[in-house]
Amino acid sequence: QLQLVESGGGLVQPGGSLRLSCAASGFAHGWTLSYYAIGWYRQAPGKQRESIAYIFGDGKSAYQDPVKGRFAIAGDADSDTVDLFMTNLQPNDTAVYYCNLARLGKDYWGKGTLVTVTS
C-alpha cells in the first residue's frame, strides 16, 4: 500500500521560511509519482482541510490565493518526494500540512506535519 510521510514542520517566526517534504513509498508495479495527481493541503485548528498547491499532469503548478507568490510545490519522481517551499510565513499559515496523491478516484494521505508561525 502506498505510504506518505510528511516532514519539515516546526516553529518559525513571521517572515520566516520552511521546506516541507513528503516521502512516498510502497508503489505497486514499479509506479512512481508520475502516475499520480499531487497536492499539498493544510488544516488549521477548527477549520476545514483546504487545498493550497497542486501539480497538474502537464507539470504546471497552481496555488490558492493565500499562498500565491510565497509557496512553491515541486515533485521529484526520481526520489519519490514532493516538496513545499514556504517563504514569508504568517501567523495564519499555522496549520497541519498534508500531502496528497490521487489516481483513479483513490486518495492517499500522510499523517501531516505541524507548522506553527508565531512571534
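All values derive from a computational prediction rather than experimental measurement. (Residues numbered from 1 in each chain as written. Predicted model: local features only at pLDDT ≥ 70, side-chain atom pairs only at ≥ 80, totals over all residues. Heavy atoms only, no water.)

J.: Could you give an account of the nonpolar core, naming the residues involved and the relevant values?
T.: With 29 residues, the main nonpolar core has Trp40, Leu84, Met86 and Tyr97 as its most contacted residues. When contributions to this core are tallied by element, the ones reaching two or more residues are strand E3 (18-25), strand E4 (37-43), strand E5 (50-55), strand E7 (71-76), strand E8 (81-86), strand E9 (95-103) and strand E11 (113-117). (Core = buried A, V, L, I, M, F, W, Y, C linked by side-chain atoms within 4.5 Å. Buried < 20%, exposed > 50% of the residue type's maximum accessible area, 1.4 Å probe, protein only. Helix = DSSP H or I, 4+ residues; strand = E, 2+ residues; numbered from the N terminus.)

J.: Which residues make up the pattern of salt bridges, and what values go with them?
T.: Counted according to the given criterion, the structure contains four salt bridges. As a salt-bridge pair, Asp65 and Lys68 come within 3.0 Å of each other at their nearest N and O atoms. On the accessibility criterion, Lys68 (47% relative accessible area) is partly exposed. Three or more residues are tied together by salt bridges with common partners; here these are Arg42, Glu50, Arg70 and Asp93. (Salt bridge = Lys/Arg side-chain N within 4 Å of Asp/Glu carboxyl O.)

J.: Got a sec to walk through the state of the cysteines? Specific residues and values, please.
T.: Taken as a whole, this structure holds one disulfide when the rule is applied. What pairs with Cys22 in a disulfide is Cys99, and their sulfur atoms sit 1.9 Å apart. Of note, the bridge from Cys22 to Cys99 carries an S-S torsion of about 45° and is right-handed in sense. One end of the pair, Cys22, is in strand E3; the other, Cys99, is in strand E9, and 77 residues separate them in sequence. Looking at Cys22, the relative accessible area reads 1%, which means it is buried. (Disulfide = S-S within 2.5 Å.)

J.: A description of the environment of Pro66 should follow, citing residues and the corresponding values.
T.: Along the chain, Pro66 falls in the loop between strand E6 (61-63) and E7. Judged by its relative accessible area of 51%, Pro66 falls in the exposed class. Each C-alpha atom of the pair Pro66 and Asn92 lies 9.4 Å from the other, and the pair is 26 residues apart in sequence.

J.: Please give an account of the side chain of Arg70 that cites residues and values.
T.: Locating Arg70 in the fold gives a position in the loop between E6 and E7. Looking at Arg70, its side chain comes within polar contact range of the main-chain oxygen of Pro66, at 2.7 Å. A polar side-chain atom of Arg70 sits 3.0 Å from the main-chain carbonyl oxygen of Asn88. Apart from the residues lying within four places of it in its own chain, the contact partners of Arg70 are Phe85, Met86, Thr87, Asn88, Leu89, Gln90 and Asp93. (Polar contact = N/O pair within 3.5 Å; in protein donor to acceptor, adjacent residues only side chain to side chain. Contact = heavy atoms within 4.5 Å.)

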